[in-house]
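Close look at the chain arrangement
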Amino acid sequence: MSVSVRKPEKFEFYKEGLTEKELLNAFYKWEYDYWASSNGVKADVTEVKRNEEKNYIIWKITLKDKPQDDNKDLTSYLLYAVRNNKLISFNLTNNIDKKIPLTETESIELLEQIYLK
């Protein structure tokens, strides 16, 4: 798992005066658009869960051209949030070192437990 906390002013989508909800949506759209475009990488991108009250989005990227030893697709679950005007991202890459990867439900629950505690 990787965690990142960044200043939004460094990103091209940033506009002064955005609310945290608008900033979260801009951050998510910027990343989503990148992964959903071809860019030479075959990827399926899906929004999995959105919590308006807690101001976070969980989504997943499945890379189709990165087979593992057992020819599985590489799946990452991401939680994006904005707190105290900082962009926060948690990336849980599943099935790299596990014989039995976490299920989608387990991945979502783990990301939420880490973020909400």
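All of these numbers come straight from a predicted model, not from anything done at the bench. Note that residues are indexed from 1 along each chain, following the sequence as it is written. With pLDDT at 70 or above as the cut-off, local features in this predicted model cover only qualifying residues; side-chain atom pairs require 80 or more to be listed or tallied, and sums for whole chains, interfaces and linings still use all residues. To get the side-chain values, take all heavy atoms of the structure and skip hydrogens and water.

1. Details of the side chain of glutamate 112
Secondary structure follows DSSP: runs of H or I at least 4 residues long count as helices, runs of E at least 2 residues long count as strands, and numbering of each begins at the N terminus. Following the sequence through the fold, glutamate 112 ends up in helix H2 (residues 104-116). Exposure classes here rest on a 1.4 Å probe applied to the protein chains alone. A residue is buried below 20% of its type maximum, exposed above 50%, and partly exposed in between. The buried category is assigned to glutamate 112, whose relative accessible area is 12%. Contact criterion: two residues are considered in contact whenever any of their non-hydrogen atoms come within 4.5 Å of each other. Leave out the neighbours within four places in its chain, and glutamate 112 touches Lys49, Tyr56, Ile58 and Leu79.

2. Examining a nonpolar patch on the surface
Together, Met1, Val3, Val5 and Ile114 line one region of the surface with nonpolar side chains, adding up to about 370 Å² of accessible area. Within the fold, isoleucine 114 resides in helix H2. Patches draw on residues past 30% relative accessible area with no salt bridge. Two like charges within 9 Å are joined, as are two nonpolar side chains (Val, Leu, Ile, Met, Phe, Trp, Tyr) within 5 Å. Shrake-Rupley sampling with a 1.4 Å probe provides the accessible areas, and residues are treated as covered by the protein chains on show and by no other component. Here, a salt bridge means any side-chain nitrogen of Lys or Arg that lies within 4 Å of a carboxyl oxygen of Asp or Glu.

3. A look at the pairing of strand E4 (residues 74-83)
Two faces make up the sheet, and in a regular strand the side chains alternate between them. The buried fraction of E4 amounts to nine of the ten residues, a majority that puts the element mostly inside the structure. As defined by bridge partners, strand E3 (residues 56-63) adjoins E4 across eight bridges and the pair is classed as antiparallel. Each residue of the ladder has a partner; that of lysine 60, found in E4, is tyrosine 77. When DSSP locates at least two bridges between a pair of strands, those strands are taken to pair. Bridge analysis of E4 against strand E5 (residues 86-94) gives nine bridges, and the strand direction is antiparallel. Within the sheet, the bridge partner assigned to leucine 78 lies in E5 and is asparagine 91. The turn joining E4 and E5, which pair antiparallel and follow one another in sequence, is formed by two residues; a positive phi near 50° is taken by asparagine 84.

4. Some details on the confidence of the model for the protein chain
pLDDT expresses how confident the predictor is about each individual residue, on a scale running from 0 to 100. This prediction gives the protein chain a mean pLDDT of 88; 86% of its residues lie at or above 70. For the protein chain, the element scoring lowest by mean pLDDT is E5, at 92; strand E1 (residues 2-6) scores highest, at 95.

5. Considering the packing of aromatic side chains
Aromatic pairs are defined between Phe, Tyr and Trp rings, using the six-membered ring for Trp, whenever the two ring centres lie within 6.5 Å; interplanar angles under 30 degrees are classed as stacked, those over 60 as edge-to-face, and all others as tilted. All told, the structure shown has twelve aromatic pairs when counted by the stated rule. A ring pair is formed by phenylalanine 13 and tryptophan 30, whose centres lie 5.4 Å apart and whose planes are at 50°; its orientation type is tilted. Remark: tryptophan 30 occurs in helix H1 (residues 20-36) and phenylalanine 13 occurs in the loop between E1 and H1; sequence separation between them is 17 residues. Overall, tryptophan 30 belongs to the partly exposed group, its relative accessible area being 31%. Relative to tyrosine 80, the ring of phenylalanine 27 has its centre 4.2 Å away and its plane inclined at 10°; by these criteria the two rings are stacked. Residue phenylalanine 27 is located in helix H1, and its partner tyrosine 80 is located in strand E4; the two are separated by 53 residues in the primary sequence. The buried category is assigned to phenylalanine 27, whose relative accessible area is 0%. Among the residues examined, tyrosine 80 registers a relative accessible area of 3% and is labelled buried. Through successive ring pairs, a cluster of aromatic residues spans Phe11, Phe13, Phe27, Tyr28, Trp30, Tyr32, Trp59 and Tyr80.

6. Some thoughts on the nonpolar core
The set of buried Ala, Val, Leu, Ile, Met, Phe, Trp, Tyr and Cys residues whose side-chain atoms join them within 4.5 Å is what this entry labels a nonpolar core. Membership of the largest hydrophobic core comes to 17 residues, with the highest contact counts inside it found for Phe13, Trp59, Ile61, Tyr80 and Leu87. When contributions to this core are tallied by element, the ones reaching two or more residues are H1, strand E2 (43-51), E3 and E4. Leave out the neighbours within four places in its chain, and tryptophan 59 touches Tyr28, Glu31, Tyr32, Trp35, Val45, Thr46, Glu47, Val48, Ser76, Tyr77, Leu78 and Tyr80. Of all hydrophobic cores here, the second largest spans eleven residues; its members include Leu79, Ala81, Leu111 and Tyr115.

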